[in-house]
Amino acid sequence: MTEKPIPVTVFTGFLGSGKTTTILSLIRQLPEDYKTCLLKNEFGDIAVDSQLAKESSIGVQEMMNGCLCCVLVGQMKRALQELKEKYNPDRIIVETSGSAFPAPIAWQIREMASEGFVLDSIITVVDCVNFRGYEDNSYTAKLQAQYTDVILLNKHELVSERELDDVIDHVNELNTDTPKVKCGVNGISPDLVFGLDTSLFQLSHKSTGAMVSLVFNPEHQANEVDLLQVIETTEENETILTLADLEAFLATMPKEDIYRIKGFVRLDSGLAILNHAFGRFTLTPVTHIDIQEEANTVQVKVTVMGQDLRMYQEKIKQGLAKRGTVKLTLAHRH
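Below is a summary of the structure that appears in this document. Residues take numbers from 1 onward in each chain, read along the sequence in its written order. pLDDT decides what is reported in this predicted model: residues at 70 or higher carry local features, side-chain atom pairs at 80 or more are listed and counted, and totals for whole chains, interfaces and linings draw on all residues regardless. Computation of side-chain values: all heavy atoms of the structure, hydrogens and water removed.

### Let's talk about the nonpolar core
As a reminder, the rule being used: To define a nonpolar core, start from buried Ala, Val, Leu, Ile, Met, Phe, Trp, Tyr and Cys residues and group those joined through side-chain atoms within 4.5 Å. The rule is simple: take the accessible area with a 1.4 Å probe, protein chains only, and divide by the maximum for that residue type; under 20% is buried, over 50% is exposed, in between is partly exposed. Helical segments are the DSSP runs of H or I of at least four residues, strand segments are the runs of E of at least two, and each set is numbered from the N terminus.
Ranked by internal contacts, the top residues of the largest apolar core, which has 23 residues, are Phe-11, Ile-93, Leu-152, Val-181, Ile-188, Leu-192 and Val-193. It is helix α1 (residues 19-28) that provides the largest number of residues to this core, a total of four residues.

Have a look at this one:
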């Protein structure tokens, strides 16, 4: 059996943007049995040379929900290898230093694909209160806003609507196509920034016992993004999607508007978990017996997250669930 790669989520953002707070809010929402390692990349920010001479590249401190907080004082590659060997986590979150360039970090993780790691996404946290100040003066801040899969507009509730529009205009000058999502005092949902990997799904299913709440939960996003809930049963449509059909459909979904498509699809090869994020997608066969039994009549059961989804509603219905139902929940515009 092929070993499942460990997804790695990278958080970037200028000093004080709120990366740590956002990450901690994510960790609190994960199942307790889901093993997460938080790797704090402070290389370059630590002036004590003796720390670099340590045998280990990581210092580990346990956090809530069994998450391990690890401070990187050596090379990223070595640290990731150590985390895998010692803890074999379900996911690794990398919190970069405020001065870190995201591209080399992403490149290094992608280079480790053969060693069992996969880059899930790069998340940039923007401080709406102070962004104009450091955006004007920091080349790094500009790069962080450009090289990312999703931009979280943090502390947006602390600025006026006009000031927020001004920040978004400036971010758009740097990066027009990347999704920009408001991140409030309650943080952001794992639904948006984490892929729906098998371990997370199975543990969530074990704790809730309900597939529906995992795939569809409008409360998760606190109405910050549009949601489309797509359902089709085998009774409604006996025609099963082929992989080629699915790939052709996903290729028509623009990543600037369609942030994520995640849930279940029945292909000619069997039931699979679909995770489409920022223009990339993975399919994981469902092997868990309980889930197979509960989903035995599921043809399609997915949630689509994004903006302006009313425009895509019919196209998504035709592509995924011609005879099924599609329900739109619009974001709360504020």
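### Quick notes on the packing of aromatic side chains
Selection rule: Stacked, tilted and edge-to-face are the three classes applied to pairs of Phe, Tyr and Trp rings, where Trp contributes its six-membered ring and a pair requires centres within 6.5 Å; stacked means planes under 30 degrees apart, edge-to-face means over 60, and tilted covers the rest. In this scheme, the term charge over a ring applies when either NZ of a lysine or CZ of an arginine sits within 6 Å of the ring centre and within 35 degrees of the ring normal.
With the rule as written, the count across this model stands at zero aromatic pairs. Of note, Lys-84 hangs over the ring of Phe-117, and the distance from its end group to the ring centre comes to 5.6 Å. Sitting over the ring of Phe-194, Arg-91 keeps its end group 4.2 Å from the ring centre.

### A few points about the sheet that holds strand β11 (residues 270-277)
Keep this limit in mind: Two strands qualify as a pair provided that DSSP identifies no fewer than 2 bridges between them. Throughout, an axis means a line fitted to C-alpha atoms (over the contacting stretch in the case of helices), and angles, computed between N-to-C directions, take values from 0 to 180 degrees. Residues count as neighbours in contact if any of their non-hydrogen atoms are within 4.5 Å of one another.
The strand order β12-β11-β10-β13-β9-β14 describes an open sheet built from six strands, whose pairing is antiparallel. Two strands lie at the open edges of the sheet, namely β12 (280-285) and β14 (325-329), each paired on one side alone. For this sheet, the mean angle separating the axes of adjacent strands, direction not counted, is 10°. Alignment of β11 against β12, held across six bridges, turns out to be antiparallel. When the sheet's bridge partners are listed, Leu-274 is paired in β12 with Leu-283. Contacts from helix α11 (residues 243-250) reach β10 (258-267), β11 and β12, with the element oriented near 170° to β10.

### Digging into unusual backbone geometry
Even without glycine at this site, Asn-88 takes up a positive phi of about 40°. The residue Asn-88 is located in the loop between α3 (76-87) and β5 (91-96) in this model. Take Asn-88: its relative accessible area is 44%, and that puts it in the partly exposed class. Its identity as a non-glycine residue notwithstanding, Asp-308 has a phi of 55°, on the positive side. Mapped onto the elements, Asp-308 comes out in the loop between β13 (298-306) and α13 (313-320). On the accessibility criterion, Asp-308 (37% relative accessible area) is partly exposed.

### Describing the side chain of Gln-299
We count it as follows: Two N or O atoms form a polar contact when they lie within 3.5 Å of each other; inside protein one atom must be a possible hydrogen donor and the other a possible acceptor, and for residues adjacent in sequence the pair counts only when both atoms belong to side chains.
Following the sequence through the fold, Gln-299 ends up in strand β13. Engagement of the side chain of Gln-299 in a polar contact is seen with the backbone oxygen of Asn-237, the distance being 2.4 Å. Those residues in contact with Gln-299 that sit more than four places away from it in its chain are Glu-232, Thr-233, Thr-234, Asn-237, Glu-238, Thr-239, Ile-240, Phe-264, Val-265 and Arg-266.

### A few points about the pattern of salt bridges
Threshold: Definition used for salt bridges: Asp or Glu carboxyl oxygen within 4 Å of a side-chain nitrogen of Lys or Arg.
In this structure the tally under the stated criterion is five salt bridges. Here Lys-77 and Glu-115 are joined by a salt bridge, their closest N and O atoms 3.6 Å apart. Taken together, the residues Lys-77 in helix α3 and Glu-115 in the loop between α4 (102-111) and β6 (117-127) connect sequence positions 38 residues apart. You can call Lys-77 partly exposed: its relative accessible area is 31%.

### Considering the pairing of β5
Burial analysis of β5 places six of its six residues in the buried class, the great majority of the element. Burial of β5 is two-sided: the residues Arg-91, Ile-93 and Glu-95 facing one way and the residues Ile-92, Val-94 and Thr-96 facing the other way are all buried. In terms of strand pairing, strand β1 (residues 6-12) meets β5 through four bridges, oriented parallel. Bridge pairing in β5 places Thr-9 opposite Ile-93.

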